[in-house]
Amino acid sequence: MMDGTEEEDGAVDVGARLRALRTQHGLSQRELAERAGVPHGQVSMVETGRSSPTVASLRKILSGLGLSMAEFFDTGPADPPSPFVPADRLRDLTPLLGRRGAGRITLRQAGDARAHGLQILHETYAPGADTGETMLEHRGAEGGVITRGRIELTVGEETRILRTGDAYLFDSRQPHRFRNPGPEEAEIVSACTPPWL
């Protein structure tokens with residue numbers, strides 16, 4: 001049964017979902033905008049569908065509700081707590097990337113990152129996939145191991161090509177970007193604390 005925050009194809013209606021959550025929290029558009037540090041009109045434009053927010057602007061608005069992107073887009077029932085996560089139960093976070101960069105990137109999360117304060121991701125990058133020219137920046141620390149293929153990682157002013165078995169660890173407040181420069185799919189198992197999506 002659709003609750004008005006999902007479209008017919010199962011995608012989340014961002015404006016309707018934001019309005020429903022804001023109402024649940026007992027906030028006006030102006031109050032949410034003040035909490036999130038965004039212009040009042042921005043919340044209104046998103047809720048009425050007159051503007052599609054970027055990932056960065058939606059994350060900022062959601063910070064006013066104390067929600068992560070994963071929580072915002074997860075409209076299904078919660079999995080029962082378990083220390084084990086079968087491959088078919090990894091949560092697909094790919095839609096949270098929006099339309100960043102060229103090529104295809106998939107992100108699948110193990111368990112409830114928010115409950116544990118740790119986000120563990122299985123990431124795949126098709127040849128040419130790129131998180132985009134606009135560098136990523138968020139609070140926290142992240143690290144990972146390249147399990148297949150090659151990844152070009154830029155952190156701040158430094159860029160390296162990492163190959164299978166290579167790893168990285170850095171402060172996520174530094175601008176960063178991931179790109180697959182190779183002819184084959186690349187794969188990373190990564191962790192981020194606190195969760196950023």
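Residues numbered from 1 in each chain as written. Predicted model: local features only at pLDDT ≥ 70, side-chain atom pairs only at ≥ 80, totals over all residues. Heavy atoms only, no water.

Peer 1: What should I look at first to understand the overall build of the protein chain in this one?
Peer 2: Of the regular secondary structure elements, the protein chain holds 6 helices and 9 strands. In the protein chain, which comprises 197 residues, the share counted as buried stands at 39%. Taking all contacts inside the protein chain whose residues are at least 6 apart in sequence as the whole, residues at least 24 apart take part in 62%. In the form shown here, the protein chain has an accessible surface area of approximately 10,900 Å², with 51% of it arising from carbon and sulfur atoms. (Helix = DSSP H or I, 4+ residues; strand = E, 2+ residues; numbered from the N terminus. Buried < 20%, exposed > 50% of the residue type's maximum accessible area, 1.4 Å probe, protein only. Contact = heavy atoms within 4.5 Å. Areas by Shrake-Rupley, 256 points an atom, 1.4 Å probe, with all protein chains shown as cover.)

Peer 1: What is the right way to look at the packing of aromatic side chains in this model?
Peer 2: Here a ring pair, both rings aromatic, is described through the centre-centre distance and the interplanar angle of the planes. Under the definition given, this model contains 3 aromatic pairs. Ring geometry for Tyr-168 against Phe-170: centres 5.9 Å apart, planes inclined by 35°, an arrangement best described as tilted. (Phe/Tyr/Trp six-rings, centres within 6.5 Å; stacked < 30°, edge-to-face > 60°.)

Peer 1: Honestly, the sheet that holds strand β4 (residues 141–148) in this entry has me stumped. Any pointers?
Peer 2: What holds strands together in a sheet is hydrogen bonding between their backbones, with the strands either parallel or antiparallel. Strands sit in the order β1-β2-β3-β9-β4-β7 across an open sheet of 6 strands; the sheet is antiparallel. With one partner strand each, in any of the chains shown, β1 (91–92) and β7 (167–171) form the two edges of the open sheet. (Pairing = 2+ DSSP bridges.)

Peer 1: Would you mind going over helix α4 (residues 55–63) with me for this structure?
Peer 2: Given 3.6 residues to a turn, an α-helix orients residues that are three or four positions apart in the same direction. All of the buried residues along α4 are Val-55, Ser-57, Leu-58, Ile-61 and Leu-62. Projected down its long axis, α4 shows its buried positions confined to an angular sector of 165°, all on one face. On its buried face, α4 sits against α1 (14–24), α2 (29–36), α3 (40–47) and α5 (69–73). (Arc of directions from axis to C-beta.)

Peer 1: Just checking my understanding: could you explain the pattern of salt bridges for this structure?
Peer 2: When their charged atoms lie close together, side chains carrying opposite charge are able to pair. Using the criterion set out here, one finds 7 salt bridges in the structure. The network of salt bridges with shared partners includes Arg-148, Glu-185 and Glu-187. (Salt bridge = Lys/Arg side-chain N within 4 Å of Asp/Glu carboxyl O.)

Peer 1: Explain the packing of α2 against α3 to me, please; I cannot follow it from the model alone.
Peer 2: Two quantities define a packed helix pair, namely the angle between the helix axes and the distance between the axes. Where α2 contacts α3, the two axes come as close as 8 Å, and the packing angle between them is 120°. Considered as vectors, α2 and α3 are oriented oblique to each other. Here the hand of the crossing between α2 and α3 comes out right-handed. Residues Gln-29, Arg-30, Leu-32 and Ala-33 of α2 lie in contact with α3, whose contacting residues are His-40, Val-43, Ser-44 and Glu-47. (Axes fitted to C-alpha atoms, helices over the stretch in contact; angles between N-to-C directions. Parallel < 35°, antiparallel > 145°, perpendicular 65-115°, else oblique. Left-handed = near helix turned anticlockwise from the far one by under 90°.)

Peer 1: I would appreciate a short explanation of the pairing of strand β9 (residues 186–193) in the present structure.
Peer 2: Regular strands place their side chains on alternate faces of the sheet. Pairing analysis gives 7 bridges linking strand β3 (residues 119–125) to β9, with the strands arranged antiparallel. Opposite Glu-123, over in β9, you have Ile-188 as the bridge partner. Direction of pairing for β4 relative to β9: antiparallel, over a ladder of 7 bridges. By the bridge assignment for β9, Val-145 is matched with Val-189.

Peer 1: I keep staring at the sheet that holds strand β5 (residues 150–155) and nothing clicks. Help me out?
Peer 2: The strand order across the open sheet formed by 3 strands is β6-β5-β8, and the pairing between neighbours is antiparallel. A strand with exactly one partner marks an edge of an open sheet, and here the two such strands are β6 (158–163) and β8 (176–179). Across the sheet, the mean angle separating the axes of adjacent strands is 20° when strand polarity is ignored. With 4 bridges joining them, β5 and β8 adopt antiparallel strand pairing.

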